[in-house]
Amino acid sequence: MDIEQFRKAGYAAIDAICDYYQTLSERPVKAQVQPGYLLDKLPKEAPAKGEPFNQIAAAFQNDVLPGITHWQSPQFFAYFPANSTFEGMIADLYAASVSNPGFNWICSPACTELEQVVVDWVAKMLGLAPSFWTSSGVGGGVIMGSASEAALTAAMAARERALRRIAGIEHAAENGDIQVPEEIRRKNGQKLVIYGSTQTHSLGSKAAIMLGLPFRAIPVSAEDSYSLRGDAVKQAIDADVAAGLVPFLVIATVGTTSSGAVDRIAEIGEVLKAYPTVFLHVDAAWAGVAYALPQYREMLRLTELNEYVDSFCTNLHKWGLTTFDCTLLYVRDRRDLTQTFDVTPAFLRSKEADAGAVIDYRNWQIALGRRFRSLKIWFVLRSFGVEGFQQHLERGISQCTLLADIVGRSKNFEIVTKPSLALLVFRLSPSSRADLTGDILDVLNQRLHDRLNARYDVFLTQTVLHSVERNIFCIRFAMGGVHTTFDDVQATWSIVEAEGEEVLKRWDGDRLIE
Ligand SMILES: *Cc1c(COP(=O)(O)O)cnc(C)c1O
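Residues numbered from 1 in each chain as written. Predicted model: local features only at pLDDT ≥ 70, side-chain atom pairs only at ≥ 80, totals over all residues. Heavy atoms only, no water.

The chain has the name Aromatic-L-amino-acid decarboxylase in an unreviewed UniProt entry, where Kwoniella newhampshirensis is given as its organism. The heading Sequence similarities (unreviewed entry) in the UniProt record of the chain holds the text "Belongs to the group II decarboxylase family." (UniProt positions renumbered as here; feature names shortened; annotations may be inferred.)

### Notes on the packing of aromatic side chains
Under the definition given, this model contains 17 aromatic pairs. Summarising the aromatic geometry, the rings of Tyr20 and Tyr21 are spaced 5.5 Å apart at their centres and angled 90° between planes, so their arrangement reads as edge-to-face. Side by side, Tyr20 and Tyr21 carry an identical accessibility label, which is buried. Note on Tyr94 and Phe379: the rings are 6.0 Å apart at their centroids and 80° apart in plane angle, and the pair reads as edge-to-face. Taken as a pair, Tyr94 in helix 4 (residues 86-97) and Phe379 in helix 14 (residues 374-409) lie far apart in primary sequence, 285 residues in all. On the basis of relative accessible area, Tyr94 is assigned to the partly exposed category, the value being 49%. (Phe/Tyr/Trp six-rings, centres within 6.5 Å; stacked < 30°, edge-to-face > 60°. Buried < 20%, exposed > 50% of the residue type's maximum accessible area, 1.4 Å probe, protein only. Helix = DSSP H or I, 4+ residues; strand = E, 2+ residues; numbered from the N terminus.)

### Let's talk about the site of the ligand
In the neighbourhood of the ligand, 14 residues make up the surrounding shell, with Ala147, Ser148, Asp283, Asn315 and Lys318 lying closest. Contacts to the ligand include Ala147, whose backbone N or O atom sits 2.6 Å from an oxygen atom. At a separation of 2.6 Å, a nitrogen atom of the ligand approaches a polar side-chain atom of Asp283. Alone, the ligand offers 390 Å² of accessible surface; in the complex the protein occludes 87% of this. Residue composition of the shell around the ligand, grouped by class: five nonpolar, seven polar and two charged. (Near = heavy atom within 4 Å. Polar contact = N/O pair within 3.5 Å; in protein donor to acceptor, adjacent residues only side chain to side chain. Areas by Shrake-Rupley, 256 points an atom, 1.4 Å probe, with all protein chains shown as cover. Nonpolar A, V, L, I, M, F, W, Y, C, P; charged D, E, K, R; others polar.)

### Notes on the pairing of strand 4 (residues 246-253)
Of all eight residues in strand 4, eight are buried; the element is thus mostly enclosed. Relative to strand 4, strand 2 (residues 192-197) is paired through four bridges, and the arrangement is parallel. Looking at strand 4, one finds that Val193 is bridged to Pro247. Where strand 4 lies against strand 5 (residues 279-283), five bridges are found, and the strand directions are parallel. Note on strand 5: the bridge partner recorded for Thr253 is Asp283. In this region the chain leaves strand 4, passes through helix 10 (residues 265-272) and returns to the parallel neighbour strand 5; the handedness of that crossover is right-handed. (Pairing = 2+ DSSP bridges. Right-handed = clockwise from strand over helix to strand, strands pointing away.)

### Topic: the packing of helix 14 against helix 16 (residues 486-505)
Direction vectors running N to C along helix 14 and helix 16 enclose 30°, while the axes themselves pass 10 Å from each other. When the axis of helix 14 is compared with that of helix 16, the two are roughly parallel. The two elements helix 14 and helix 16 meet at a crossing, and its hand is right-handed. Contacts from Gln399, Leu402, Leu403, Ile406 and Val407 in helix 14 reach Phe486, Val489, Gln490 and Trp493 in helix 16. For the contact of helix 14 with helix 16, the class distribution of residues is seven nonpolar, two polar and no charged. (Axes fitted to C-alpha atoms, helices over the stretch in contact; angles between N-to-C directions. Parallel < 35°, antiparallel > 145°, perpendicular 65-115°, else oblique. Left-handed = near helix turned anticlockwise from the far one by under 90°. Contact = heavy atoms within 4.5 Å.)

### As for the pairing of strand 7 (residues 327-331)
Within strand 7, five of the five residues are buried, which leaves the element mostly enclosed by the surrounding structure. Here strand 7 shows no split at all, with Thr327, Leu329 and Val331 on one side and Leu328 and Tyr330 on the other all buried. As paired elements, strand 6 (residues 311-315) and strand 7 share five bridges and run antiparallel to each other. Among the inter-strand pairings, Asn315 is bridged to a residue of strand 7, identified as Thr327.

### Quick look at the sheet that holds strand 2
Taken together, seven strands build an open sheet; the order of strands is 1-7-6-5-4-2-3 and the sheet is mixed. Each of the sheet's edge strands pairs with one partner strand only, and the pair in question is strand 1 (140-144) and strand 3 (215-218). Taken over all neighbouring pairs, the strand axes of this sheet differ in orientation by 20° on average, direction set aside. Where helix 5 (residues 109-126) meets the sheet, its contacts fall on strand 1, strand 6 and strand 7, and the angle it forms with strand 1 comes to roughly 110°.

The following block contains the structure:
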């Protein structure tokens, strides 16, 4: 493809994308294909000779799009939203045009410096304490691909910090040249333990698997709205310490995946004061962007976050208008990252970095190379403004409030946990049917979810809320789509209601009939 062909194909691609968005609300939200549909359709080997680009572009429409579930559909309410915006898409196009691995400042100074600017814009928009700002020179933010990557990064930093603290050498050297003595690593490295709750996202267990260490899922209770409490953390840590183990990381969550629960950060932070080897990471992958709304900061425990937490993560690529992928990891002390990840062979040295004048983000992360993601944050925040960003969040929350009102008044459904921002967790539970008890309700709700799942025009996610009281099967309704209106919410809700009626009709007092 030459420049003129690119010009033509590029314009055509933008036209096709516009057509897609114009018809998005008419398309069933879920892909209507069977497993293997594309595997069967496409050739088993790459073509020997190049093909005309218009055929390739047509194959995207004909072969690929049918197998796409429309996360940008206004009627997508599964998992959490993965907002894409035109601003984000255009930024990704420009980023691709100057494609480079940006690992050092010298690779492309603009990539590093724009990242420094926008992570601070976001930090200030969210109300993070100045110690998390990159301009503080102490802490700072870095853009990554996912919250799981951020959690693993934090876990690795936490492990090194714990070992350095045991060795009594924390932050002794200026620039990352601190080595944990082999003796200390051998003695303690395999005794380290990570903590979270039963509601912690799988990223906690995954980080533990990758480090070859155990993850303790501490139980929570429905009475505490599924949030992790300080005394439960203390109990778990004390038991491990008594057994000769070394606690080194607690992952607290602000806005759990199942129900949007917010862990008690201050309680946990107070407990951790007695355990200096423990690092506190907050996973706010979904809910963290809502700190942009001052009226929700208290509910989301921002003051506690600012006081107690070592690192904090949120995804702009969920509810934050920034096309996938775009995760932010903030640390209060950047040396926790640089003293873990700074491995500098001669060919990566530069006089700017040696002089300490610039940031080399490769020392803040696992990989060397990195995408130019700051551009999409910049485009999005400049185009929407902080106020536009806030209005987008408020729209999702107000849709959730309106839906909660409808569900709360319905005869067949109940709200299981207090609505969290734009997430509503509900289940079938007819107020007039005292005969339908816990286990039966789980069966009925499972069937309701199966029936919804068999349709292509709705997409909602099931969850099981685990607690010390009992496990409850429920269904999640996650709002916050860029193009979603309350009419879209209502249209999906009326399908849920109708399917709920069908399920109840099929309960014969003993079992579900077909
Ligand atoms: C979505 C989500 C994750 C996973 O995020 P990735 O970026 O896909 O790794 C983790 N934790 C919470 C609370 C989430 O909502």
